[in-house]
Amino acid sequence: MNETTRVNDTTSLKDITHIFFDIGGVLGSNGWDHEQRERAVKQFDLNAEDLEWRHKEVVGEWEEGGISLEEYLEIAVFYEPRRFSREEFVAFMHSQSIPDDDTIAIARELSRHTHYSLMTLNNESEALNIHRIEKFGLSDIFEASLSSCWLGVRKPIRRIYNRSLGIAHAKPERSLFIDDRHQNIISAGMVGMHVLHFESAAKLRLDLERVLHLEIPGA
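If you're wondering where the values come from, they're calculated on a predicted model, not measured in any experiment.

Colleague: How do you make sense of unusual backbone geometry when you look at a structure like this?
Modeller: With the exception of glycine, the majority of residues adopt a negative phi angle, and the majority of peptide bonds are in the trans configuration. The residue after Lys155, namely Pro156, is reached through a cis peptide bond having omega 10 degrees. Within the secondary structure, Pro156 sits in the loop between helix H7 (148-151) and helix H8 (158-168). A positive phi angle, near 55 degrees, is found at His169, a position not held by glycine. You can call His169 exposed: its relative accessible area is 72%. Non-glycine residue His213 carries a positive phi angle of around 60 degrees. By the element assignment, His213 lies in the segment after helix H10 (201-212).

Colleague: In this structure, what is going on with the pairing of strand E3 (residues 144-147)? I would like to understand it.
Modeller: Moving residue by residue along a regular strand, the side chains alternate between the two faces of the sheet. Of the strand pairs in this sheet, strand E2 (residues 117-122) and E3 are connected by four bridges, and their pairing is parallel. Its bridge partner being in E3, Asn122 is matched across the sheet by Ser147. A crossover connection joins E2 to the parallel E3 through helix H6 (residues 126-136); in handedness this β-α-β unit is right-handed.

Colleague: Could you clarify how one ought to interpret the sheet that holds strand E1 (residues 18-21) in this entry?
Modeller: Within a sheet, neighbouring strands are paired by backbone hydrogen bonds and run either parallel or antiparallel to one another. Reading across the sheet, the five strands line up as E3-E2-E1-E4-E5 and stay open at both edges, with parallel pairing between neighbours. A single partner strand is all that each edge strand has here, and the edge strands are E3 and strand E5 (194-197). Here the average twist between neighbouring strands, direction ignored, is 25 degrees. Here strand E4 (residues 175-179) runs beside E5; their pairing, made up of four bridges, is parallel. Residue pairing in the sheet places Ile178 in a bridge with Leu196 of E5.

Colleague: I'm lost on helix H4 (residues 86-95) in this one. Help?
Modeller: An α-helical turn contains 3.6 residues, so a residue and the one three or four places further along point in the same direction. Those residues of H4 not exposed but buried are Phe89, Val90, Phe92 and Met93. Each buried residue of H4 sits inside an arc of 155 degrees when the element is viewed along its axis, so together they form one side. Its buried side turned inward, H4 meets helix H1 (34-44), helix H2 (48-63), helix H3 (69-76) and H6.

Colleague: Help me out: how do you make sense of the pattern of salt bridges in this one?
Modeller: When the charged atoms of two side chains lie near each other, side chains of opposite charge can form a pair. For the structure on display, the rule yields 14 salt bridges. Here Arg154 makes a salt bridge to Glu63, at a shortest N to O gap of 3.1 Å. Separated by 91 residues along the polypeptide, Arg154 in the loop between H7 and H8 and Glu63 in helix H2 bring together distant segments of the chain. We classify Glu63 as buried; its relative accessible area is 14%. Between Arg82 and Glu80 there is a salt bridge whose closest N-O contact spans 3.3 Å.

Conventions adopted
Residues numbered from 1 in each chain as written. Predicted model: local features only at pLDDT ≥ 70, side-chain atom pairs only at ≥ 80, totals over all residues. Heavy atoms only, no water. Helix = DSSP H or I, 4+ residues; strand = E, 2+ residues; numbered from the N terminus. Buried < 20%, exposed > 50% of the residue type's maximum accessible area, 1.4 Å probe, protein only. Pairing = 2+ DSSP bridges. Right-handed = clockwise from strand over helix to strand, strands pointing away. Axes fitted to C-alpha atoms, helices over the stretch in contact; angles between N-to-C directions. Arc of directions from axis to C-beta. Contact = heavy atoms within 4.5 Å. Salt bridge = Lys/Arg side-chain N within 4 Å of Asp/Glu carboxyl O.

Here's what the structure looks like:
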């Protein structure tokens, strides 16, 4: 797969009007992925296999807004008495969210170009999504947060991209989607969006400067 997937270098992308950013893996760390759960197992002395199958049983419903954080925790962690509180566990979950300041700085620079509408497009449960938007300071940069918990569908299902484009009043051929996972950018490309595969903030800056024909200040 090319480093910039479905961005045709022979086609000018000066007409791009909407840029969609993934959050976990692009604008910051993942929220509650396998590495965060592995840390929770060590921190709270949990049974790793038990947590994993319980998580997988309900993560779809959780990230699509079907159940709350409280219900998720009841099923995945607090189905039996624990020596730690829910508040302690949620605080730990929150602590795992680390912003990528370099990528956020790139998005902030793009937001200063009035030609572009910037939005996030991610898979996330509602409570964690709100926490991460606030912690990363994304409301000052992005016009809208399009998350699976509010759209009722997760990437890489094509419906989430079609719904996001509809909400944004964006044409796929004038939209650019940035994500770190190949399966997500493939699906976005299938609905007609231009896409960039995120590897690092430094490479993203170079890719954006090349395909958008602009200069993004910064290191």
